[in-house]
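Residue-level structure breakdown
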Amino acid sequence: GKDTPIKSQIDVGCNFYMQTIVKDKQYIFIDIGMGLHLQFTFEEALRFLGKKIDQLTAESEKFTAKSVDIKSRIKLILEALAELQGLNVKEKIPQRPRTLR
């Protein structure tokens, strides 16, 4: 609710963070990028952060797709090089173990 304090962290310099408790949530300052901070009401901050999360999620999905494309091209090139050299592709191309996320 509106009267519930917010627990947060604040950068006190050189990427050192301190835990803080915000009791008065009438205005919140948010880093909007390029070193700029903008004053928001609590409701405005929630709307802004929702849009920011959507934007960052879309960018993440774009970079993930690009990464998959680059990895597949690298694999294709390695297989073509192995074929040109007359090597057995399965034996010569090391496979990294996959990690679960």
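See the structure printed just above.
Criteria and cut-off values
- Residues numbered from 1 in each chain as written.
- Predicted model: local features only at pLDDT ≥ 70, side-chain atom pairs only at ≥ 80, totals over all residues.
- Heavy atoms only, no water.
- Helix = DSSP H or I, 4+ residues; strand = E, 2+ residues; numbered from the N terminus.
- Buried < 20%, exposed > 50% of the residue type's maximum accessible area, 1.4 Å probe, protein only.
- Contact = heavy atoms within 4.5 Å.
- Areas by Shrake-Rupley, 256 points an atom, 1.4 Å probe, with all protein chains shown as cover.
- Pairing = 2+ DSSP bridges.
- Salt bridge = Lys/Arg side-chain N within 4 Å of Asp/Glu carboxyl O.
- Patch = residues over 30% accessible without salt bridge, like charges linked within 9 Å, V, L, I, M, F, W, Y side chains within 5 Å.

What follows concerns the overall build of the protein. From N to C terminus, the protein includes 2 helices and 4 strands. Secondary structure elements in the protein, listed N-terminal to C-terminal, are β-β-β-β-α-α. Here the protein holds 101 residues, and 6% of them are scored as buried. Considering only contacts in the protein between residues 6 or more positions apart, those separated by 24 or more positions represent 5%. Total accessible area on the protein is roughly 9,600 Å²; 59% of this is exposed by carbon and sulfur atoms.

Next up on the list: the pairing of strand β3 (residues 28-33). Bridging between β3 and strand β4 (residues 36-40) involves 5 bridges; their strand directions are antiparallel. Directly across from phenylalanine 29, in β4, lies its bridge partner glutamine 39.

Within this structure, the stated rule accounts for 1 salt bridge. Arginine 73 is the partner of aspartate 69 in a salt bridge, and the nearest nitrogen-oxygen pair spans 3.0 Å. Here the residue aspartate 69 and the residue arginine 73 both occupy positions in helix α1 (residues 42-84), the gap between them amounting to 4 residues, near one helical turn. What makes aspartate 69 partly exposed here is its relative accessible area of 36%. On the accessibility criterion, arginine 73 (52% relative accessible area) is exposed.

This part is about unusual backbone geometry. Of note, the phi angle at cysteine 14 is positive, near 55°, even though the residue is not glycine. The residue cysteine 14 is located in the loop between β1 (6-11) and β2 (17-22) in this model. Classification of cysteine 14 as exposed rests on a relative accessible area of 72%. Here asparagine 15, not a glycine, exhibits a phi torsion of approximately 60°, which is positive. Note on placement: asparagine 15 falls in the loop between β1 and β2. A relative accessible area of 58% means that asparagine 15 is categorised as exposed.

On the surface, Ile70, Ile74, Ile77, Leu78, Leu81 and Leu84 cluster together into a nonpolar patch covering about 590 Å² of accessible area. Checked against the element boundaries, isoleucine 74 lands in helix α1.

For serine 8, the location among the structural elements is in strand β1. In this structure the C-alpha to C-alpha distance between serine 8 and methionine 18, which are 10 residues apart in sequence, comes to 8.4 Å. Once residues within four sequence positions are removed from consideration, serine 8 is found in contact with Met18, Gln19 and Thr20.

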